[in-house]
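These are the residues of each chain, in order.
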Amino acid sequence: MMLSLNELRHLAQQLKSGQLDVDRFVEACQKWGIADVGEAQVDLDRQRRCGFPEVVYGQGKTVDALRKIFHALLENGVDVFATRISPDKAEVLLREFPAGRYNAVAGTFRIPKQEPPTDTEPRGIVTVVTAGTSDLPVAEEARETALWTGAEVRLVQDVGVAGPHRLRANLHLLEDADAVVVVAGMEGALPSVVGGFVSCPVIGVPTSVGYGASFGGVSALLSMLNSCAANVVVVNIDAGFKGGYVAGLIAKNSARRRALLGSAKQ
């Protein structure tokens, strides 16, 4: 388990007094920030280093492994978030973690911290946009991830390039966002269109939605990578989590900067 500051101080005192040799001190310190649960070495120090805690990738993990990881995170006050959780695994996990929230469309599982939130940092804004209804599972993964990062999240559905007037009707939900996540399959043209309307980063998430020539999302991926809109960046195929995470990080840092500038003007 993670060493507390008191435990680390005690170890340092033992080293100084000669009760502990250097090798044993180093071995004990290596446990700092790590929970060894057998199947996994859970990173408990990631929020300090990276801004957000470790996220659990559920695909390929057994329910027993997920249980152990969740318990280790909860015992250390971490807001648990897992992706790619199948309905059968979620059913078992919900019995053990009744406070858990499962989004069956997104395949995400979240267990909020039990204590009331104390973080008073300002919230940034993320808007998640889908080209079509078939892109919704990936968009929901992005939305749930951005919510977990603490951002205010808006969802704009089914505004693909086949009906461009639908996007224009929803521009007010995009124009003040700190980051926009655009989820699109088929030819993947929507991020470029969105990029021409907003002054924030646009994160394109290609999906595997489409007919044979879409090559399982490769066509959309290449289209987004070749975007002439300078504010468009791209993550991997069906990587809703990555799009939502990066957008949440942008939103968090943008909101923090606005707050600092506001304080400086007062």
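Quick note: structure is the one above.
Residues numbered from 1 in each chain as written. Predicted model: local features only at pLDDT ≥ 70, side-chain atom pairs only at ≥ 80, totals over all residues. Heavy atoms only, no water.

1. Let's talk about the overall build of the chain
Helix and strand counts for the chain come out as ten helices and eleven strands. Per-residue burial over the chain gives 45% buried out of 266 residues. Contacts in the chain between residues far apart in sequence, at least 24 positions, make up 66% of those at least 6 positions apart. By element, 55% of the accessible surface of the chain is carried by carbon and sulfur atoms, the whole surface being about 13900 Å². (Helix = DSSP H or I, 4+ residues; strand = E, 2+ residues; numbered from the N terminus. Buried < 20%, exposed > 50% of the residue type's maximum accessible area, 1.4 Å probe, protein only. Contact = heavy atoms within 4.5 Å. Areas by Shrake-Rupley, 256 points an atom, 1.4 Å probe, with all protein chains shown as cover.)

2. Side note on the environment of Ile203
Here Ile203 is to be found in strand β10 (residues 202-206). For Ile203, a relative accessible area of 0% gives the class buried. In the structure, Ile203 is positioned 22 residues away from Val181 in sequence and 4.7 Å away in space, judged by C-alpha atoms.

3. So, the pairing of strand β4 (residues 80-83)
Regular strands have side chains that alternate between both faces of the sheet. Of the two faces of β4, both are covered, the one formed by Val80 and Ala82 as well as the one formed by Phe81 and Thr83. Taken together, the two bridges between strand β3 (residues 56-57) and β4 define a ladder with parallel strand orientation. Counted as the bridge partner of Tyr57 is Thr83 from β4. Once you follow β3 into helix α4 (residues 63-75) and on to β4, the crossover reads as right-handed. Note: β4 against strand β6 (residues 108-111), three bridges, orientation antiparallel. Paired with Ala82 across the bridge in β6 is Phe109. (Pairing = 2+ DSSP bridges. Right-handed = clockwise from strand over helix to strand, strands pointing away.)

4. Points about the sheet that holds β6
Across the sheet, four strands lie side by side as β3-β4-β6-β5; this open sheet has mixed pairing. The sheet is open, and its two borders are formed by β3 and β5 (101-103), each paired with just one other strand. When β5 meets β6, the two strands line up antiparallel, connected through three bridges. In the sheet register, Arg101 faces β6, and the bridge partner there is Arg110. Contacting β4, β5 and β6, helix α6 (residues 136-148) runs over the sheet at an angle of about 165° to β4. (Axes fitted to C-alpha atoms, helices over the stretch in contact; angles between N-to-C directions.)

5. Side note on the nonpolar core
In this structure, Val129, Leu174, Val180, Leu190 and Val194 are the most contacted members of the largest nonpolar core, which totals 20 residues. Those elements that place two or more of their residues in this core are β7 (125-130), β9 (179-184) and α8 (190-195). If you tally residues by element for this core, the top one is β9, at three residues. Those residues in contact with Leu190 that sit more than four places away from it in its chain are Val129, Thr130, Ala131, Val159, Gly160, Val161, Leu167, Val182 and Ala184. (Core = buried A, V, L, I, M, F, W, Y, C linked by side-chain atoms within 4.5 Å.)

6. With respect to a nonpolar patch on the surface
The grouping of Phe215, Val218, Leu222 and Leu225 at the surface amounts to a nonpolar patch, some 410 Å² of accessible area in total. Mapping Leu222 onto the fold places it in helix α9 (residues 218-225). You can call Leu222 partly exposed: its relative accessible area is 45%. (Patch = residues over 30% accessible without salt bridge, like charges linked within 9 Å, V, L, I, M, F, W, Y side chains within 5 Å. Salt bridge = Lys/Arg side-chain N within 4 Å of Asp/Glu carboxyl O.)

7. Brief notes about unusual backbone geometry
The phi torsion at Met186 lies on the positive side, around 50°, for a residue other than glycine. Following the sequence through the fold, Met186 ends up in the loop between β9 and α8. For Met186, a relative accessible area of 39% translates into the label partly exposed. In this structure, Asp238 takes a positive phi of about 65° despite not being glycine. Secondary-structure assignment places Asp238 in the loop between β11 (232-234) and α10 (240-265).

8. With respect to the pattern of salt bridges
Pairing between side chains becomes possible if they bear opposite charge and their charged atoms approach one another. With the rule as written, the count across this model stands at twelve salt bridges. The salt bridge involving Arg84 is made with Glu141; its shortest N-O contact spans 3.1 Å. Remark: Glu141 occurs in helix α6 and Arg84 occurs in the loop between β4 and α5 (87-96); sequence separation between them is 57 residues. According to the relative accessible area criterion, Arg84 is partly exposed, its value standing at 33%. Connected through salt bridges with shared partners, the residues Asp64, Arg67, Lys68 and Glu96 form a single ionic network.

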